[in-house]
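# Structure at a glance
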Amino acid sequence: MFSYCADPSTLDTFWWFSCYLTNGVHMSFYKSFLLVLALLAVTAPVALAFGFFGAMSARSHIAPLSWLGKGYIAIVRGVPDIAFFLFFVIALDQSFELVKHSIVCPDWTDPIRKGNDFLVCPQAKVPLGTSPEYVHQLYGFMLAVITFAIVFGAFAANVLFGGMRAVPHAQLETAEAYGMTRRQTFWRILVPQMWVYALPGLSNLWMVLIKATPLLFLLGIEDIVYWARELGGTKTSKFSAYPHPDWRMWYFLFLLVFYLSFTKVSEIVLERLMRRLNKGQATAGGEALRKEAAA
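Here the residue numbers are simple positions, counted from 1 along each chain's written sequence. Totals for whole chains, interfaces and linings use all residues, but because this is a predicted model, local features are given only for residues with pLDDT of at least 70 and pairs of side-chain atoms are given and counted only at 80 or more. In computing side-chain values, all of the structure's heavy atoms are included and hydrogens and water are not.

## Points about the overall build of the chain
Stated precisely, the cut-off is as follows: Put simply, DSSP H or I for four residues or longer makes a helix, DSSP E for two residues or longer makes a strand, and each gets a number counted from the N terminus. Radius of gyration here is computed from C-alpha atoms only, and the compact-globule reference equals 2.2 Å multiplied by the residue count raised to the power 0.38. Exposed residues in this analysis have more than 50% of their type's maximum accessible area, buried residues have under 20%, and partly exposed residues fall in between, with area computed by a 1.4 Å probe over protein chains only. It only takes one pair of heavy atoms within 4.5 Å for two residues to be counted as in contact.
The helix and strand tally for the chain stands at 10 helices and 2 strands. In the chain, the succession of helices and strands from N to C terminus is α-α-α-α-β-β-α-α-α-α-α-α. Taken against the 2.2 N^0.38 rule, which gives 19 Å for 295 residues, the C-alpha radius of gyration of the chain at 25 Å runs more than 25% over that of a compact globule. With the principal axes as the frame, the chain shows a C-alpha extent of 80 × 70 × 30 Å. Going through the 295 residues of the chain one by one, you find that 37% of them count as buried. Restricting to contacts in the chain with at least 6 residues of sequence separation, those with at least 24 account for 66%.

## As for the nonpolar core
Here is the rule we go by: Put simply, a nonpolar core is a bunch of buried Ala, Val, Leu, Ile, Met, Phe, Trp, Tyr and Cys residues held in one set by side-chain atoms that sit within 4.5 Å of each other.
The biggest cluster of nonpolar side chains holds 69 residues, and the ones touching the most others in it are Phe29, Phe148, Phe152 and Ile224. Per element, the largest residue contribution to this core is 16 residues, and it comes from helix α5 (residues 133-166). Contacts of isoleucine 224, omitting those with residues within four sequence positions, involve Phe29, Ser32, Phe33, Val36, Leu255, Phe258 and Tyr259. The next biggest cluster of nonpolar side chains, apart from the first, holds 5 residues, and it includes Cys105, Phe118, Cys121 and Ala124.

## Points about the pattern of salt bridges
Basically, it comes down to this: Salt bridges are defined as contacts in which a side-chain nitrogen from Lys or Arg sits within 4 Å of a carboxyl oxygen from Asp or Glu.
Scanning the entire structure with this criterion turns up 1 salt bridge. Arginine 248 is paired through a salt bridge with aspartate 246; the nearest N and O atoms lie 2.6 Å apart.

## So, the packing of helix α2 (residues 24-58) against helix α9 (residues 248-278)
Note the threshold: Only the stretch in contact is used when a helix axis is fitted, and all axes are lines through C-alpha atoms; the angle between N-to-C directions ranges over 0 to 180 degrees. Here is the rule for angles: anything less than 35 degrees is roughly parallel, anything more than 145 is roughly antiparallel, 65 through 115 is roughly perpendicular, and the remaining ranges are oblique. Take the far helix as the reference: if the near one is turned anticlockwise from it by less than a right angle, the crossing is left-handed, and if turned clockwise, right-handed.
Packing of α2 against α9 brings their axes to within 14 Å, and their N-to-C directions diverge by 30°. With respect to their mutual orientation, α2 and α9 come out roughly parallel. For α2 against α9, the interelement crossing comes out right-handed. Here α2 contributes His26, Phe29, Phe33, Leu37 and Leu40 to the contact with α9, which in turn contributes Tyr251, Phe254, Leu255, Phe258 and Phe262.

## Considering the UniProt feature "transmembrane region" (unreviewed entry) in the chain
Quick reminder of the rule: UniProt positions are given in the numbering used here, feature names are shortened, and annotations may be inferred rather than shown by experiment.
The feature "transmembrane region" (unreviewed entry), as given by UniProt, occupies residues 33-53, 74-92, 138-161, 189-209 and 249-270 in the numbering adopted here. As a span, residues 74-92 carries 89% helix and 0% strand, and end to end its C-alpha atoms are 21 Å apart. Within residues 249-270, the helical portion is 100% and the strand portion 0%, while the C-alpha atoms at the span's ends are 31 Å from each other.

## Quick notes on helix α8 (residues 224-232)
Keep this limit in mind: By construction, the arc corresponds to the directions joining the helix axis to the C-beta atoms.
Among the residues of α8, Ile224, Val225, Trp227, Ala228, Leu231 and Gly232 are the ones counted as buried. Here the buried residues of α8 occupy an arc of 165° about the axis, which is enough to place them on one side. At its buried positions, α8 is contacted by α1 (13-20), α2 and α9.

## Quick notes on a nonpolar patch on the surface
Quick note on the threshold: Put simply, a patch holds well-exposed residues, over 30% relative accessible area, that have no salt bridge, with like charges counted together within 9 Å and Val, Leu, Ile, Met, Phe, Trp or Tyr side chains within 5 Å. Accessible surface is estimated by sampling points in the Shrake-Rupley manner with a 1.4 Å probe; for residues, cover comes only from the protein chains shown.
Together, Met249, Trp250, Leu253, Leu256, Val257 and Leu260 line one region of the surface with nonpolar side chains, adding up to about 630 Å² of accessible area. Mapped onto the elements of the fold, leucine 256 is located in helix α9. In this structure leucine 256 comes out as partly exposed when scored by relative accessible area, which is 45%.

## Considerations on the side chain of histidine 101
Following the sequence through the fold, histidine 101 ends up in helix α4 (residues 81-104). Residue histidine 101 is classed as buried on the basis of its relative accessible area of 6%.

## Points about the environment of valine 46
Topologically, valine 46 is positioned in helix α2. Judged by relative accessible area, which is 29%, valine 46 ranks as partly exposed. Here the alpha-carbon distance between valine 46 and isoleucine 146, two residues 100 residues apart in the chain, equals 8.2 Å.

Rendered as structure tokens:
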């Protein structure tokens, strides 16, 4: 990267580490942190949307829709996350290719499944083999977002469903007595108050989502865990200009500090949000804020 890094063997300790920590591979390691933050920024609202519609379905008065919502919550919550992550990536990938195959290769006569192999025409590959590398990376990121959203959306649905049920029923009856329709009662009374009861559970779910980001490694994405293991492993002068012993402990210690710092910031933000939502509410948190203000 710099001219003085041309021959690392001639550098003193400070400059050796300076060159080592700024080489191209380490830049990929630093970019992977942005990948994790981007995943959280995209997945959290998408998972919350899945959860909201799942909770709405679960409390629906239409029996098939209620069964669908409750079934979604029960199935996803009852299966280990890793199993879902590994299953959905394969299932989604093959589903996309199967749909594209039926469109672009209608005259294809060979069987798509041959034993354990899934074979579609080359034009139906998603993405195409000739696509640039960034397209493959974006596609992998999209699959990760969908998978995370489906899994954590089920947990969010369970939390939101409980939050909806925690809203005092008397308030809903009062809204109906004032002539509000069921839809107006839902959006103007139930949903605004639901968040007060659901936020503690959603806060815990956010923390779990943060801790689940290393599962990107299982999806074949070069995330921070991948690079920490790759860079921290023993390197010899035969394969690297920067040979070193096993430093994985230090790389994973850095990840530990990163996750602890991120969760601490999340706790502060969520605590402030909780105080704001509780303000003026007929809840234990709202009562505590009123006593605090009166003191």
